[in-house]
Amino acid sequence: MTKVLIATEKPFAPAAVNGIREVVEGAGYELALLESYTDKADLLAAVADVDAMIIRSDKATREVIEAAKNLKVIVRAGAGYDNIDLEACTEKGIVAMNTPGQNSNAVAELVLGMMVFLARNGYNGKAGVELRGKKIGIHAYGNVGRYVGEIAKGFGMEVYAFDPFVAKEAIEADGVKVVESVEELYGTCNYISLHIPANDKTKKSINYDLLNKMPEGGILVNTARKEVIDEEGLMKLMEDRKDFAYISDIAPDCKDEIAAKFEGRFFFTPKKMGAQTAEANINAGIAGANQIVNCIEKGDTTFKVN
């Protein structure tokens, strides 16, 4: 019998597990569940006899891939997939997929929620500022970026975007102003919402020179990956510009130093939680389950990333 594993250090919402189970068992497959594990050995043992697996932020390293002797499909329940060793998957003929768009609204709502939190000084009772009339720049206008723009317009913000991979006409059709360069985006906007992937071209690309182009009171919001930030440049900028602030749902490695020096100018969630809603869990989990079944039964590799 085909066996599907859900392997998650951060458990899915119960309704998501139930939805996955319904899809998997409805196809006549067996479902196994590994939640809240802390030892890699547990994951290595769990993958030994599975045909497919769904993960969240778990690391599907080469060691994990090689331990999964029967693995045919692995799905990352979410948009990013840099936690999967794609080269190892390709070498073994394993299809690696993501579930684009399923978590997008959850991430976008967190972006605006964190912006409001910082704008109101963490609700400490002191006067803050409003978002209405401020300019927000969306760096990468994918699924999450579109939702950020939609919500930001509801706040009365002016929305700008830069994405060389999306047609200008498509962005403008959403009522968003397109800029011609990343430098123009940062030089124009009070807030930047960052949604670029982490790859060889983007890692540490958000650096001192780029961030220093932001207007007075500039705030960077990162719900992408910490690796895209040049942390040395970020620290220098925060030291040089007392007006600059940084918000993220994944804390940088220099978080303790930032906390010690820049009180009131940062906010980091306790863990990466852009997709931490019941709805996003359900959407991504069930999408992943359906993709596995369709891949095994029909050879459908629509969301293949390797």
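Up top is the structure.
Just so it is clear, the structure is predicted and the values come from calculations on it, not from any experiment.

Colleague: How should I be thinking about the sheet that holds strand β8 (residues 177-178) in this particular structure?
Modeller: The pairing of strands in a sheet happens through backbone hydrogen bonds and is either parallel or antiparallel. The sheet built from seven strands is open, its strands ordered β8-β7-β6-β9-β10-β11-β12 with parallel pairing. Edge positions in the sheet fall to β8 and β12 (266-268), since each has one partner strand and no second. Two strands pair when backbone bridges link them, and strand β6 (residues 135-139) and strand β9 (residues 191-194) are joined in this way by four bridges, in the parallel orientation. Looking at the pairing, Ile136 lines up with Tyr191 of β9. Seen against the sheet, helix α5 (residues 104-119) touches β6, β9, β10 (219-222), β11 (245-248) and β12 and runs at an angle of roughly 145° to β11.

Colleague: So what exactly am I meant to see when it comes to the side chain of Arg265 here?
Modeller: With respect to the element layout, Arg265 can be found in the loop between α11 (255-261) and β12. Although Arg265 lies buried, it forms no salt bridge, and the closest oppositely charged side chain, Asp243, sits 6.5 Å away as judged by the N-O distance. A polar contact of 2.7 Å, which involves the side chain of Arg265, links it to the backbone oxygen of Arg241.

Colleague: Can you walk me through the pairing of strand β1 (residues 3-8) in this structure?
Modeller: As a general feature of sheets, a regular strand has side chains that alternate between the two faces. The element β1 is largely enclosed, with a buried count of six among its six residues. Burial along β1 is two-sided: Lys3, Leu5 and Ala7 and Val4, Ile6 and Thr8, pointing in opposite directions, are all buried. Relative to strand β2 (residues 30-35), β1 runs parallel, the two sharing six bridges. Bridge pairing in β2 places Ile6 opposite Leu33.

Colleague: Explanation requested: the environment of Val50 in the structure shown.
Modeller: Within the secondary structure, Val50 sits in the loop between α2 (40-46) and β3 (52-55). For Val50, a relative accessible area of 0% corresponds to the buried category. As a C-alpha pair, Val50 and Ala32 span 18 residues in sequence and 8.6 Å in three-dimensional space. When residues no more than four places from it in sequence are discounted, the contact partners of Val50 are Lys3, Leu5, Asn70 and Leu71.

Colleague: Would you take a moment to explain the nonpolar core for this structure?
Modeller: The tendency in soluble globular proteins is for nonpolar side chains to be buried as a group. Among the nonpolar cores identified, the biggest contains 30 residues, and Tyr186, Ile206, Leu211, Leu220 and Phe244 are the most heavily contacted of them. Elements with a minimum of two residues in this core: β7 (158-162), α8 (182-188), β9, α9 (208-211) and α10 (231-240). Among the elements that take part in this core, α10 stands out by supplying four residues, more than any other. For Phe244, the contacting residues outside a window of four places in its chain are Leu211, Met214, Gly218, Leu220, Leu234, Leu237, Met238 and Arg265. Of all hydrophobic cores here, the second largest spans 27 residues; its members include Leu110, Val111, Ala119 and Ala161.

How each quantity is defined
- Residues numbered from 1 in each chain as written.
- Predicted model: local features only at pLDDT ≥ 70, side-chain atom pairs only at ≥ 80, totals over all residues.
- Heavy atoms only, no water.
- Pairing = 2+ DSSP bridges.
- Helix = DSSP H or I, 4+ residues; strand = E, 2+ residues; numbered from the N terminus.
- Contact = heavy atoms within 4.5 Å.
- Axes fitted to C-alpha atoms, helices over the stretch in contact; angles between N-to-C directions.
- Buried < 20%, exposed > 50% of the residue type's maximum accessible area, 1.4 Å probe, protein only.
- Lys, Arg positive; Asp, Glu negative; His and termini not counted.
- Salt bridge = Lys/Arg side-chain N within 4 Å of Asp/Glu carboxyl O.
- Polar contact = N/O pair within 3.5 Å; in protein donor to acceptor, adjacent residues only side chain to side chain.
- Core = buried A, V, L, I, M, F, W, Y, C linked by side-chain atoms within 4.5 Å.

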